[in-house]
Amino acid sequence: MLVSNEQILEALWETLYMTGVSFLFSLLVGSVLGLLLVVTRKGHLLENEPVSKVLNVIINIFRSVPFIILMVAIIPLTRLIVGTSIGTSAAIVPLVFYAGPYIARLIENSLLEVDEGVIEAAKAMGASPLQIIFRFLIPEALSSLVLALTIAIVGLIGASAMAGAIGGGGLGDLAITYGYQRFDTMVMFLTVAILVVLVQGVQSGGNLLSRQVRRR
């Protein structure tokens with residue numbers, strides 16, 4: 001095998017770094033967008049059809065662009081924000097643009113699963129829109145939200161591997177540089193195995209946390 005243990009650990013750390021930081025920023029963006037998508041819908045708490053339609057169009061545009069194309073398309077913006085378009089930190093920018101709208105849709109779907117009777121009961125008690133959102137809507141959807149965000153993290157792990165195709169670093173970069181370009185099958189198998197373990201770990205942890213939340 002052409003790579004050392006240190007290189008594998010470094011690539012793993014870069015993947016975890018890209019995934020973790022991009023998830024935090026994506027969660028921030030996606031939470032706001034997801035909440036707005038729900039509460040501005042027709043007949044909801046803060047009904048505003050123009051805002052709802054504009055948000056839907058913007059999110060659909062970003063979700064329709066494959067990640068690898070999106071990564072190349074926003075290189076000027078990435079360079080403006082980070083100062084470079086190559087490397088682990090640079091890959092975080094397109095990852096956020098990719099995952100933010102995706103998380104927004106996942107959050108929207110989870111919140112829409114909440115029974116309308118819960119919202120009506122909250123209104124009957126005189127709760128304000130903000131109180132309904134944070135004391136009734138989100139707590140009721142929490143188990144579903146945990147599963148949705150687990151799916152988002154798994155998606156980000158896959159996207160971070162794709163980022164290696166154009167110099168994003170991480171396990172994807174290791175697989176392409178040493179596994180594909182140097183015909184080292186063992187490196188390819190190893191990186192795939194590590195990614196599988198990561199995904200299984202995240203999914204299992206998300207499932208467990210969701211069950212714990214549901215029991216409460």
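Rules and cut-offs
Residues numbered from 1 in each chain as written. Predicted model: local features only at pLDDT ≥ 70, side-chain atom pairs only at ≥ 80, totals over all residues. Heavy atoms only, no water. UniProt positions renumbered as here; feature names shortened; annotations may be inferred. Helix = DSSP H or I, 4+ residues; strand = E, 2+ residues; numbered from the N terminus. Buried < 20%, exposed > 50% of the residue type's maximum accessible area, 1.4 Å probe, protein only. Contact = heavy atoms within 4.5 Å. Salt bridge = Lys/Arg side-chain N within 4 Å of Asp/Glu carboxyl O. Core = buried A, V, L, I, M, F, W, Y, C linked by side-chain atoms within 4.5 Å.

If you look the chain up in an unreviewed UniProt entry, it shows as Methionine ABC transporter permease from Planococcus salinarum. Per UniProt, the chain carries the Sequence similarities (unreviewed entry) text "Belongs to the binding-protein-dependent transport system permease family." In its Subcellular location (unreviewed entry) section, the UniProt entry covering the chain states "Cell membrane".

(A) Local environment of the overall build of the chain. When its secondary structure is counted, the chain shows 9 helices and 0 strands. The N-to-C order of helical and strand elements in the chain reads α-α-α-α-α-α-α-α-α. A principal-axis box enclosing the C-alpha atoms of the chain has dimensions of 65 × 40 × 25 Å. A buried classification covers 41% of the 216 residues belonging to the chain. Looking at the chain alone, contacts between residues at least 24 apart form 72% of all its contacts between residues at least 6 apart.

(B) Structural context of the pattern of salt bridges. Counted by the stated rule, this structure contains 2 salt bridges. Put simply, Glu 108 and Arg 41 hold a salt bridge, and the shortest N to O gap is 3.3 Å. Residue Glu 108 is located in helix H5 (residues 88-112), and its partner Arg 41 is located in the loop between helix H1 (5-39) and helix H2 (49-64); the two are separated by 67 residues in the primary sequence. Judged by relative accessible area, Arg 41 falls into the partly exposed class, the value being 34%. Between Arg 105 and Glu 108 there is a salt bridge, with the nearest N and O atoms lying 2.8 Å from each other. Remark: Glu 108 and Arg 105 occur in helix H5; sequence separation between them is 3 residues, near one turn of the helix.

(C) Geometry of the nonpolar core. Formed by 30 residues in total, the largest nonpolar core has its most connected members in Leu 45, Phe 67, Leu 95, Ile 103, Leu 111, Ile 132 and Leu 137. With 11 residues, the top contributor of residues to this core is helix H7 (residues 129-163). Discounting chain neighbours no more than four positions away, the residues touching Leu 95 are Met 18, Ser 22, Ser 26, Phe 67, Leu 156, Ala 159 and Ser 160. By size, the runner-up hydrophobic cluster in this structure holds 11 residues, among which are Leu 174, Tyr 178, Val 187 and Ile 194.

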